[in-house]
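# Breakdown of the fold
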Amino acid sequence: IAQAQQAQQGDNPQLPGAVDVRIIVDISGSMKQNDPQNLRRPAVRLLARLLPDGATSGVWTFGQYVNMLVPHREVSDAWRDMAIAQSDAINSVAMRTNLGKAIETASDGYFTGGVLSNTHFIVLTDGKVDISRNPSANKAEANRILDTLVPPLKQQGARFHAVALSAEADTEFLRKLASDSNGSFHVAENAEDLSRAFLDAFNAAVPQEQTPIDDDGFMVDAGVSEYTALIFWGDNETSTNRTLALKAPGAAAATCAVS
């Protein structure tokens, strides 16, 4: 096991109260090159599975226009199933990168009665703010986002966790978007890093309990009734040696292959 992050639950799990996570996903045409395997889909599915019951969440996609892909609702098994199913609609066909409009739409106070004190925006984009062929208009829009749009959201308690995909992303702008709102910034240097970057952004928004790895293994306390393990394999590992073994106290290890 190269790296693992785990979230565990006992009989009385300690989860953040009323956390609100709003996921904003870029579907502009450049994603065909920067996310050719469309790993945005499994990344969104991963977050949907990890969000705790009682949280609220929604998913918006954006290019020139903004679409609410998954309605903003309280997280439940039904919501997770809907989010997982709707993730198949994430594509790379849109024109432009109208991030400002996406933030305006996703931050509508209607969703939580005007309360954003525990709202976290996870933003994924591979490009720069692009609303026009005119570079001056794009620069002015980027400044509007940072100087006019974000400050009142931050004052209400909202935070932005930006994930930049590709070297073409405006990392300076995205880093400032995150830092100005006391959020987090992550770079996925290639498409394969996207799920991990999304997970890091999720942990910044909804911190999870983690278990340390010792000698390629980890132990789970007997009081834990449910456990979720997320496993990331190292670059030098191949499909022939990707195996996991689960062992109950006093029992033989049960080995299963992982693709």
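Refer to the structure printed above.
An account of the accompanying structure is given in this report. Computed from a prediction, not measured in an experiment: that's the story for all the values here.

This next bit is on the environment of D200. Examined against the element boundaries, D200 turns out to sit in helix α7 (residues 194-205). Of the residues examined, D200 reaches a relative accessible area of 27% and is grouped as partly exposed. The sequence separation of D200 and S184 amounts to 16 residues, and the corresponding C-alpha distance is 8.9 Å.

Once that is clear, we can look at the packing of aromatic side chains. The relative placement of two aromatic rings is captured by the distance of their centres and the angle of their planes. Tallied over the entire structure, the rule returns three aromatic pairs. For the ring pair Y110 and F111, a centre distance of 5.8 Å and an interplane angle of 70° mean the geometry is edge-to-face. According to the relative accessible area criterion, Y110 is exposed, its value standing at 67%. With centroids separated by 4.7 Å and ring planes inclined at 15°, the aromatic side chains of F121 and F160 adopt a geometry described as stacked. Placement of the pair is F121 in strand β5 (residues 119-125) and F160 in strand β6 (residues 159-165), with a sequence separation of 39 residues.

This paragraph deals with the pattern of salt bridges. All told, the structure shown has nine salt bridges when counted by the stated rule. A salt bridge links R45 to D88; its shortest N-O distance comes to 3.4 Å. Here the residue R45 occupies a position in helix α2 (residues 40-50), and D88 occupies one in the loop between α3 (77-86) and α4 (99-106), the gap between them amounting to 43 residues. Residue D88 is classed as partly exposed on the basis of its relative accessible area, which comes to 48%. Notably, a salt bridge pairs D53 with R80, separated by 2.7 Å at the nearest N-O pair. Within this pair, whereas D53 is found in the loop between α2 and β3 (56-62), its partner R80 is found in helix α3, the two being separated by 27 residues in sequence.

Procedures and definitions
- Residues take numbers from 1 onward in each chain, read along the sequence in its written order.
- Only residues with pLDDT of 70 or above have their local features reported here, since the model is predicted, and side-chain atom pairs are shown and tallied only from 80 upward, although totals for entire chains, interfaces and linings are computed over all residues.
- With hydrogens and water excluded, all non-hydrogen atoms of the structure serve as input to the side-chain values.
- Each helix is a run of DSSP H or I of at least 4 residues and each strand a run of E of at least 2, with the numbering of both proceeding from the N terminus.
- Partly exposed describes any residue whose relative accessible area lies between the buried limit of under 20% and the exposed limit of over 50%, with all areas from a 1.4 Å probe on protein chains only and scaled to the type maximum.
- Stacked, tilted and edge-to-face pairs are distinguished by plane angle, under 30 degrees for stacked and over 60 for edge-to-face with tilted covering the rest, among Phe, Tyr and Trp rings (Trp via its six-membered ring) whose centres lie within 6.5 Å.
- The salt bridge criterion pairs a side-chain nitrogen of Lys or Arg with a carboxyl oxygen of Asp or Glu, the two atoms within 4 Å.

Distances and angles like these do not, on their own, reveal function.
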